[in-house]
Amino acid sequence: MNAPEPELLVVRNLVTTFPSDKGEFRAVDGVDLSIRHGEVVCLVGESGSGKSVTGFSIMGLIDKPGKVTADTLSFDGLDLLGISEAGFDRLRGRRIAMVFQEPMTALNPGRTVGNQIAEVFRVHERIGARQAWERAVELMDQVGIREAAKRANAFPHELSGGMRQRVMIAIAFAMKPDLIIADEPTTALDVTLQAQVLELLFSIQAQTGSAVLFITHDLGVVAEIADRVVVMRQGAIVEQGDVEQIFFNPADPYTRALLAAVPDVDAPRDPRRRLSAVAHADTMEAGHD
Ligand SMILES: Nc1ncnc2c1ncn2[C@@H]1O[C@H](COP(=O)(O)OP(=O)(O)OP(=O)(O)O)[C@@H](O)[C@H]1O
Ligand SMILES: [Mg+2]
């Protein structure tokens, strides 16, 4: 078997516009970005800089009248701008998946979480309902949801925020996708839960080998998880590099300003340190809801 191409995702001159009173608003304005197989790329930048729109554009989730153009938008050699809606549907959830900030908006409130996870297997693996359900329960167990067989029958509102985010992570990783786009997946959770859910996300990522585009405000987390950091401002990329470069030798004044706003970014030298410190607390939350 041939070795896979190093570049999984290649984005060249991505421009995403929305109509506005003053003409076209360029929410993303010429972004170049690439992600290799298995790589964790963190996308940072102030609120409104275009991080989410970049993620949604890659996922093919920008609705009209929004418009997405690019010189290149290729995923494992596939032209994402050229494929059909149906083609993209087959890709999404199977080879590219997304973890959203607020699971309540991403999950269907009227269906049990077990059903929603099982559906991923039914759609993409065409297995029967019963087998899909069993796989769903197994996966819920893997993402640290206790009494998974029972909880699979719960509706999203019956679970805590942390549990719902675990369900989202289960759905996203179900098919072991090549690429996960995680858009501030923990900001809706309290600080202790944030660490636990992050730990979960990256322990599963280590098992599946999925590449991750991780969108976040939290530069402390970036220092721990990123292979590469991309800094965005006003729809464009101002700087990208590895953690060493961005944190200890930022070239751009905007990056320096972002870092200055964070109290303890000069602390983490060992990227995985803080995450591994919370690994032991991993099942804590499962006990109290
Ligand atoms: N559907 C839309 N229609 C019009 N404008 C939009 C739409 N979605 C986003 N925008 C605008 O595009 C810009 C970038 O938004 P985006 O959500 O990508 O920012 P962000 O970097 O993710 O910010 P945050 O950190 O607050 O999540 C913002 O000015 C936003 O108002
Ligand atoms: Mg956003």
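This report concerns the structure included in the present document. It should be emphasised that the depicted structure is a prediction, and the values quoted were computed from it without experimental measurement. (Residues numbered from 1 in each chain as written. Chains lettered and ligands numbered in written order. Predicted model: local features only at pLDDT ≥ 70, side-chain atom pairs only at ≥ 80, totals over all residues. Heavy atoms only, no water.)

Here we take up the sheet that holds strand E7 (residues 96-99). Strand order in the open sheet made by the 6 strands is E7-E8-E9-E3-E10-E11, with mixed pairing throughout. The outermost strands of the open sheet, each flanked by one partner alone, are E7 and strand E11 (236-241). Sheet twist, expressed as the average angle between the axes of neighbouring strands with direction ignored, equals 20°. Across 4 bridges, the pairing between strand E3 (residues 40-44) and strand E9 (residues 211-215) is parallel. Bridge pairing in E9 links Leu43 to Ile215. Its contacts with the sheet place helix H7 (residues 161-173) against E7 and strand E8 (179-183), and it is angled at close to 175° to E7. (Pairing = 2+ DSSP bridges. Helix = DSSP H or I, 4+ residues; strand = E, 2+ residues; numbered from the N terminus. Axes fitted to C-alpha atoms, helices over the stretch in contact; angles between N-to-C directions. Contact = heavy atoms within 4.5 Å.)

In this structure, Phe214, Val229 and Phe247 are the most contacted members of the largest nonpolar core, which totals 59 residues. Each residue touching Val229, except ones within four places of it in the same chain, is listed here: Cys42, Val44, Val222, Glu239, Gln240, Gly241, Val243, Ile246 and Phe247. Among the nonpolar cores identified, the runner-up in size contains 29 residues, and Leu9, Val53, Leu80 and Met98 belong to it. (Core = buried A, V, L, I, M, F, W, Y, C linked by side-chain atoms within 4.5 Å. Buried < 20%, exposed > 50% of the residue type's maximum accessible area, 1.4 Å probe, protein only.)

Turning our eyes to something else, we now look at the site of ligand 1. Every one of the 13 residues lining ligand 1 counts as a neighbour, but Ser47, Gly48, Lys51, Ser52 and Val53 are closest to it. For ligand 1, an oxygen atom lies 3.0 Å from a polar atom in the backbone of Gly50. A distance of 3.2 Å is found between an oxygen atom of ligand 1 and a side-chain nitrogen or oxygen belonging to His217. At 3 residues, helix H1 (residues 51-58) tops the list of elements feeding residues into the shell around ligand 1. For the shell around ligand 1, the residue count by class is 4 nonpolar, 6 polar and 3 charged. (Near = heavy atom within 4 Å. Polar contact = N/O pair within 3.5 Å; in protein donor to acceptor, adjacent residues only side chain to side chain. Nonpolar A, V, L, I, M, F, W, Y, C, P; charged D, E, K, R; others polar.)

Enumeration according to the criterion identifies 11 salt bridges in this entry. Two residues, Lys67 and Glu24, come together in a salt bridge whose shortest N-O distance is 3.5 Å. Taken as a pair, Lys67 in strand E4 (residues 67-69) and Glu24 in strand E2 (residues 23-36) lie far apart in primary sequence, 43 residues in all. One salt bridge in this structure joins Asp178 and Arg95, with 2.8 Å as the shortest N-O distance. Separated by 83 residues along the polypeptide, Asp178 in the loop between H7 and E8 and Arg95 in the loop between helix H2 (85-91) and E7 bring together distant segments of the chain. Salt bridges sharing common partners tie together Asp76, Arg95 and Asp178. (Salt bridge = Lys/Arg side-chain N within 4 Å of Asp/Glu carboxyl O.)

Moving on, we get to helix H4 (residues 113-125). The terminal C-alpha atoms of H4, which comprises 13 residues, lie 18 Å apart, in line with the 18 Å expected from a rise of 1.5 Å per residue. Regarding H4, the residues found buried are Val113, Gly114, Gln116, Ile117, Ala118, Val120, Phe121 and His124. Contacts from the buried residues of H4 go to H2, helix H5 (129-142), helix H6 (148-151) and H7. Looking one or two residues beyond H4, the residue adopting positive phi is Arg126, at roughly 50°. (Expected span 1.5 Å × (residues − 1).)

Now for the layout of surface pockets. Of the voids in this model, the largest pocket is the one considered here, and its volume is about 540 Å³. Lining the largest pocket are 21 residues; nearest its centre among them are Gly93, Ala106, Glu119, Val120 and Ile171. Going through the elements one at a time, E7, H4 and H7 are the ones with two or more residues in the lining of the largest pocket. Per-element accounting of the lining of the largest pocket gives the leading share, 5 residues, to H4. (1 Å grid on protein atoms, 1.4 Å probe; cavity = no way out; pocket = protein on both sides within 12 Å on 5 of 7 lines; lining within 4 Å. Points joined across faces, edges and corners; volume = space filled by probe spheres on them.)

Below, the discussion takes up the environment of Ser47. Along the polypeptide, Ser47 turns up in the loop between E3 and H1. Given a relative accessible area of 63%, Ser47 falls into the exposed group. As for Ser47 and Arg233, which are separated by 186 residues in sequence, their C-alpha atoms are 9.0 Å apart.

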